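Remarks on the overall topology
Read off the chains here:
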Amino acid sequence: MHNRTTLALALMAVFSGSAAATTITGKVLDQSGNPVVGAEVTLEGSRRVYITDDQGRYTLKDIASDDVHIHVSSPKHLHGDEDLGIVKQDRVVNFTLAPASIENIVVTATAMQNSVLESVTPVSVISADELRRKQQPTLGETLKSTPGVHSTYYGPVSSSPVIRGASGPRVKIVQNGLDVSDVSRIGPDHNVATSTSSATQVEVLRGPATLQYGSGAIGGVVNVVDKRIPQEMPYGTEGEAELRYSTVDNGKFGKVDVTAGAGDFAFHFDGFKRNTDDVDIPGYGSVEPDEDDTPGVLGSSDMETTNFTAGLSYIQDEGFIGFSVEQLDNQYGVPGHHHHHEDEHDEDEHDEDEHDEEHAEEGTMIDVDMTRYQMAGEWHSPSKGIDNVRFSAAYTDYSHVEIEDGEVGTEFTNESTNLKLAVTHTGVQGWHGVVGLQFDDSDYEANGEEAFSPPTNTSALALFLVEQKKVGDVTFEIGGRVERTTYDAADAEIELHAEHEDEHEDEHDEGHHDDEHEHEDHDHEEEDHEHEELIAFDFPEYDFTSVSLSAGANWEYQPGHAVALTLSRNERAPSQQELFSGGQHIATRTYEVGLVYQLDDDGELLDTLRSVEEEVTTNLDLTFRKFSGDWGYTVSVFYTQADNYIYESDTGLIAISEEHEHEEDEHEEEEGHDEHEEEGTPVYYFQQSDADLYGIEAETFVNLNESWRLEVYGDYIRAKLDNEDLPRIPPLRLGSTLRYQSQSLSGEIGVEWYDDQDKTAPFETATDGYTLLNASVEYDIAAGGIDWVFFASADNITDEEARVHTSFLKDLAPLPGRNFSMGVRAVF
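Note that the structure is a prediction, hence the values are computed from the model and not measured.

Some words on the sheet that holds strand S5 (residues 68-73)
With antiparallel pairing, four strands are arranged side by side in an open sheet as S3-S2-S5-S6. At either margin of the open sheet sits one strand with a lone partner, and together these are strand S3 (49-51) and strand S6 (80-85). Strand-to-strand twist of the sheet, defined as the mean angle between neighbouring strand axes without regard to direction, takes the value 20 degrees.

Remarks on the pairing of strand S25 (residues 407-428)
A regular strand places its side chains so that they alternate between the two faces of the sheet. One ladder, built from 17 bridges, connects strand S24 (residues 386-404) with S25; its direction is antiparallel. What sits directly across from Ile386, in S25, is His425. Where S24 hands over to S25, the hairpin turn is made up of two residues, of which Asp405 adopts a positive phi near 55 degrees. With 16 bridges connecting them, S25 and strand S26 (residues 431-447) associate as antiparallel partners. Looking at S26, one finds that Thr413 is bridged to Glu445.

A look at the sheet that holds strand S14 (residues 201-206)
Judged by pairing direction, the sheet is mixed, and its five strands sit side by side in the order S9-S14-S15-S12-S13 without closing on themselves. One side of each edge strand has no neighbouring strand; the edge strands of this open sheet are strand S9 (123-127) and strand S13 (178-179). Pairing geometry for S14 and strand S15 (residues 220-225), over six bridges, is antiparallel. In the strand pairing of S15, Arg206 is matched with Gly220.

Here's the deal with the pattern of salt bridges
The tally for this structure, following the rule as stated, stands at 31 salt bridges. The partner of Glu615 in a salt bridge is Arg572, with the nearest N and O atoms 3.2 Å apart. Separated by 43 residues along the polypeptide, Glu615 in strand S38 (residues 615-626) and Arg572 in strand S33 (residues 561-572) bring together distant segments of the chain. Each member of the pair, Glu615 as well as Arg572, is classed as buried. Residues Asp811 and Lys810 are paired through a salt bridge, measuring 3.5 Å at the closest nitrogen-oxygen approach. Look at Lys810 and you get buried, because its relative accessible area is 7%. Among the charged side chains, a network of salt bridges with common partners joins Arg133, Arg709, Glu711, Arg739 and Glu748.

As for the environment of Glu378
With respect to the secondary-structure elements, Glu378 resides in strand S23 (residues 364-383). Note: C-alpha distance between Glu378 and Phe320 (58 residues apart in sequence) is 5.4 Å. Polar side-chain contacts of Glu378 include one of 2.8 Å to the side chain of His380.

Comments concerning the nonpolar core
Ranked by internal contacts, the top residues of the largest apolar core, which has 28 residues, are Leu496, Phe539 and Val683. Not counting the four nearest positions on each side in its chain, Leu496 is found in contact with Tyr591, Val593, Leu599, Gly603, Leu605, Ala655 and Val683. Judged by nonpolar contacts, the second largest core, of 23 residues, contains Tyr154, Val248, Tyr444 and Ala446.

Quick notes on the rules
Residues numbered from 1 in each chain as written. Predicted model: local features only at pLDDT ≥ 70, side-chain atom pairs only at ≥ 80, totals over all residues. Heavy atoms only, no water. Pairing = 2+ DSSP bridges. Helix = DSSP H or I, 4+ residues; strand = E, 2+ residues; numbered from the N terminus. Axes fitted to C-alpha atoms, helices over the stretch in contact; angles between N-to-C directions. Salt bridge = Lys/Arg side-chain N within 4 Å of Asp/Glu carboxyl O. Buried < 20%, exposed > 50% of the residue type's maximum accessible area, 1.4 Å probe, protein only. Polar contact = N/O pair within 3.5 Å; in protein donor to acceptor, adjacent residues only side chain to side chain. Core = buried A, V, L, I, M, F, W, Y, C linked by side-chain atoms within 4.5 Å. Contact = heavy atoms within 4.5 Å.

Given below as structure tokens:
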């Protein structure tokens, strides 16, 4: 470990007085009396981490006498804690750890950074090894087999996690605790600007996590943890490199990840590059293919991504401070996102067909450019009564342009600043806790055809408190958060000409009447167009004050067995998209109308704004866990009652743009009305109503022997308004994995079954169920100080057509077909 610096000694002398220093020694053993080698022994309020030797021994020197708390962690064992209080003389403290049936990993996303078993909140942690096995180009697809987690699946190029049926603005995506600050919450075709390729773990908090992360985390949090800012000195140079190839998309992937140290400085660098072609699929992309559709391939599903991250930290026993910079360049196609530009009507029919075919082949690409600067630091025991102070900040400059048929179309930009300060205090009457401040500011703007929401500045300031106390075998946790959110949106002009879907179909059928009747209708339509005008809206500043409260307890009623209960009340301010959307959202093939607008039953947009209320939920979570012995389980049951629940639903109206109608009129005059099929865009309206959401998530683990392990998992979610179902809710899912592990060889085979989803919202179609069969194998060889891992996998072995109900593109983009992947990884 590092020697204390002169500055640190001076600070300690000023703040801590003349507290006597003591030494604590001991052993960490398993239940059979064997030493636990490599266990981490930490002292609360200090950055010092001691690793047990081959005899399980540890030594803590120069310990201040007041409020001593020791924590022992090992991934293969249940964690150990000892609260010694005031220590005035040397002590011997031994620990006996029980075995864990799964990796009992510390969750950094929770306020008190408890282990999975100790957490009051339902949580899943995906380790680095598991992430490498499940690696996919998008975050949603990588995490989708986690209980309670599904994917928005917008083709293989873009997907976000769906947690307990919640997605978009209800699920917060963070990188090392700070918002990723992209525009993936705005539309499902916008990919999440974070990668798991170099992550050390990904933490999924299921259910409300608003206390630390704000009202945008009312559905859950996904925290991607990596080493971009090193917090501990590495033992020499460490890292990994990987090459991978996949057949389903001719995908090529390569990455490098290195962390090293010199003196008091630690350095980190990671980077990856991914190139894929259009993905192979079984059958057609559309459930109702056209005659000229090509089977076996999903158009506009290719990807080219380059990402580099570099970080530097200055590390001492008393803390660290570090800085990182990330550059992301990502260009990917968007399935089902073709735009058709107006052709010159003096061209003959053959030329127009060739022109349309060329445009359809080019499709739409999204070109992302993001630069992210991040800073983080910790100072341990800066003064009496304070264990540590954590600070983090990020500035993100994000932009992407949509390249439509080779030409730049809509441009989205988002510049954001995120600041977070958290102070952990020492025990007060047995209560340990964190008080924090958080500030977020973002400037969003979209320019172009798909700019369906106005430029908006969003600002949020919050104060939060989380307290925890352990009484015997029960850990109590309470907390609260007050958050002020402000939206300042630019003026907007909106035009909406809509009619009911049945009337729209009737008009199309009537279009086959004689020319005289057709021209008569045409004259009336032109008269109507003369009265249609853009409606201008001048938005006031929208302010929301959200108050969230939570109370829970975790009872470890016997070693390795626990039950946790949490009750919370959370308030959420509407998101920018929910408030101000007003126009064609071509990505989802919808015309979106935000909460602030008034739309009558006839589809007429009124020129007055309506009031908007905060979404308020009352949530109950009950979780049972068993981590000890040769088998274990986690079962979570949840219920949420929501007032003013914000949802986007199909109104049954069809939006017809004036430009489209004039184009069709001219087209009809040239080709005849009977050869034309009029099209429109469904109108989706953001509304508020009371709702109930409930469900269950479960997974169990059985070690059949030292080499074989069986896992079974499943989840079920119901989400209803007073008299109808909510849209895009995942169906019942069951899955199982059989794993084999020896010294050098490992492998697994898994099956995942999805039920039909026929519990649908009005105007939403049902989705057939499907079954996916997957397998993988790895072989490890140690040579020259490098651990070489050769791996291969097969996904969707039966080449089944599978459509994801939570996707806006479920009828246009099925999951990829049969895929074989292979590669090599070097770990050093």
